[in-house]
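Spelled out, the chains give:
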Amino acid sequence: MPNSQINLNSLQKNISMNDLEFKQQVLDPISDSFCAAKWYNATIWLGSGQTTSCHHPPAHAINRSEIATNPSAIHNTAQKKQDRADMQAGRRPSGCEYCWKIEDMGRDAVSDRVYKSKIYPIEALNEAAKTPAQNDINLKTLEISFDRTCNFACSYCNPAFSSTWANDIKRNGPYTNLVSDGRNHFTHTHDSSQLYTFGESNPYVDAFFQWWETDLHKNLQELRITGGEPLMSGYTWQLIDWFKSNQGRSQTRLAINSNLGMPKDKLHAFVDRVKDIPHLEIYTSNESVGVQAEYIRDGLDYELWMNNAQELLEHTDIKALHFMCTINALCLDTLPHFLTQLLRLKQTYGKQRVSFTLNILRFPSFQSALVLSDELRNNFKSVLEVWLQMFGSHPLLQEHEINHLKRLIDYLDVVKTPHSEAFDRPKLLNDFKQFYSQYDRRRDKDFCRTFPALADWYNTL
Ligand code: SF4
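In what follows, the accompanying structure is described. Just so we're clear, the structure is a prediction, and the values are computed from it rather than from any experiment.

Now for the site of the ligand. Looking at the ligand, there are 13 residues lining it, with Cys35, Ser53, Cys54, Cys96 and Cys99 nearest. The site holding the ligand turns out to be the largest cavity. Elements with a contribution of two residues or more to the shell around the ligand: α3 (37–40) and α7 (112–118). Looking at the shell around the ligand element by element, the count peaks at three residues for α7.

Pasting the structure below:
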C-alpha cells in the first residue's frame, strides 16, 4: 500500500474517533504527556531567532552556532529535544502548563495536546514516540514570521509583533499605571523582537531558506507566513516567487496571514503574483465594522479592507479567505453586523471559500470581554443569541462556525463564565481605563464617541 494511502486511512480513523477516545486510545498509551506538536509543528520567529511548538509554551532562543551547520536546528532545538524526551517518558514539560492545567481538571478533560496531535496520522505519532529524542525531525506544519514590520498597531497587539506599535512607544514613551500586564507588553519597544532589517544578513532566515531548499519543501504539509504584516517583508515575496517558479516540486500548501490593509497598487501586484499558486489560503483579522473596527485595529481603513477582501476573492483562485475574529471587549457591539457581512460574502463566493473563526482573546486580559459589566455581557449575549436563531441553520455556515458562536454565547453568560476572582477584577478595570485613555491621546481617538453603548459604563471606571 502506498504511504499516502496508509496515512489517509489512519487520518480517517483519527477523525472518526471523538476527542476523548483519541486521547484515551491513541495518545495516553504512548504516554500521559505525549503531544505530537513537539515533533511536527512549530512557530519560528526568524526576526528574533526564537521558536516554540504551539502558541502556549513561551518562545525560546534558537542556538545561532548550531544552525550554521544544521539549519533544521531552527526547529530541532535542545529545549524541544529535552521536551520530547520528557514526553516520551510521561513527564510534563513545564512550558506546556496550559494543557496540564486543563488535564488536571479530570481524567476526561481534553486539552490542546489532543487537537494538536489529532491532525497527524497515527503512524506519524508512533514514529515520533519511538524515535530517539535527540534525532532531528522534519516538520509537517510550520508558521514563520520574517519580521515584525507592520502598518497597523491594533489595541490587542504589542511592540513585539508590530513596528508601528514600537514607534508609538518610541514617540510617546511607555504606557503607564498598568498593573495587570505582568509581561510589560506596553512599556518598552521590544527591540529584541527584530534583530535584523530586510537586506541585512540574518542567519535565522538563511537557515530557513537552506532547510527549505534541501528538505523542508519535500514533506512539509503546510507553511503559514505570519508577521508583522508578511506582505511588507521582501522574504514573503521571495517565497511566493519560489512557489510560482517551482510548481510541482512541492506539495506544501502555502497560507499567508495578511491584514489586507494595503493600498490598491500593492493588492494588484499581489493578485498578479499569486495567480497560479495552487491551494493558496489567506487569513485576515477583523471582528467588528466601520469606525469601531478602525478604533480596535488602528491603521485599518474598513472600506478599503472589505474591498480588498472582495477583490481577492473575485480575481484570484485562492482556496479560501479565512476571517479570524479576535473576540475582545470592544467588538461585541458590532460583531453581529460583521457576521452578517461575512454571510453575504459567503453568498457570493461560497461556503468553504469564506470562513471564519471566533477566537476568544485571553491576553492582554484587561481587554477581554470578561471585564464588561454583567449587564453589557447579557445584552451582547442576547443579540448574538438572536443572530444564532435567525441564521444558525443557514446552509452556508460551517459546523465549526456555529460551534464557535455557541461557545462565545456560553462565554458571555455570566453564570457559565463568572468574572475572575474579586482580587483581579479591580486591576483589570483599572487597566482598561488607563490603557484606553492613553490610547485615545496617543492615537487621536475617542472611546466614548466610538463606542456609545459602552460609554456610561466606561465613565464609571
Ligand atoms: S502539550 Fe499543549 S502546550 Fe504543549 S505543545 Fe502540545 S498543545 Fe502545546
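Once their charged atoms are close, side chains differing in charge can pair, the charge on each being opposite to the other. Applying the stated criterion across every chain, the model contains 25 salt bridges. Among the ionic pairs, aspartate 19 bridges to lysine 118, the shortest N-O distance being 2.9 Å. Remark: lysine 118 occurs in helix α7 and aspartate 19 occurs in helix α2 (residues 19–30); sequence separation between them is 99 residues. Residue lysine 118 is classed as buried on the basis of its relative accessible area, which comes to 15%. Arginine 443 is paired through a salt bridge with aspartate 298; the nearest N and O atoms lie 2.9 Å apart. Here arginine 443 is found in helix α18 (residues 425–443), whereas its partner aspartate 298 is found in the loop between α13 (290–296) and α14 (302–315), with 145 residues between them in sequence. For the residue pair arginine 443 and aspartate 298, the accessibility class agrees, reading buried in each case. Overlapping salt bridges, with partners in common, bring together Asp168, Asp298, Arg442, Arg443 and Lys445 in one network.

We now examine unusual backbone geometry. With an omega of 5 degrees, the peptide bond between glycine 227 and glycine 228 qualifies as cis. Topologically, glycine 228 is positioned in the loop between β5 (222–226) and α11 (234–245). Cis peptide bonds are those with omega within 30 degrees of zero, and the linkage from phenylalanine 363 to proline 364 qualifies with -5 degrees. With respect to the helices and strands, proline 364 occurs in the loop between β9 (354–360) and α16 (374–391). Even without glycine at this site, histidine 279 takes up a positive phi of about 60 degrees. If you trace the backbone, histidine 279 turns up in the loop between α12 (264–274) and β7 (281–285). Histidine 279 sits in the partly exposed class, given a relative accessible area of 47%. Within the chain, aspartate 444 stands out as a residue other than glycine whose phi angle is a positive 55 degrees. Note on placement: aspartate 444 falls in the loop between α18 and α19 (447–450). Residue classification places aspartate 444 among the exposed residues on the basis of a relative accessible area of 73%.

Parameters and conventions
Residues numbered from 1 in each chain as written. Predicted model: local features only at pLDDT ≥ 70, side-chain atom pairs only at ≥ 80, totals over all residues. Heavy atoms only, no water. Near = heavy atom within 4 Å. 1 Å grid on protein atoms, 1.4 Å probe; cavity = no way out; pocket = protein on both sides within 12 Å on 5 of 7 lines; lining within 4 Å. Sits in = over half its atoms within 2 Å of the grid points. Helix = DSSP H or I, 4+ residues; strand = E, 2+ residues; numbered from the N terminus. Salt bridge = Lys/Arg side-chain N within 4 Å of Asp/Glu carboxyl O. Buried < 20%, exposed > 50% of the residue type's maximum accessible area, 1.4 Å probe, protein only.

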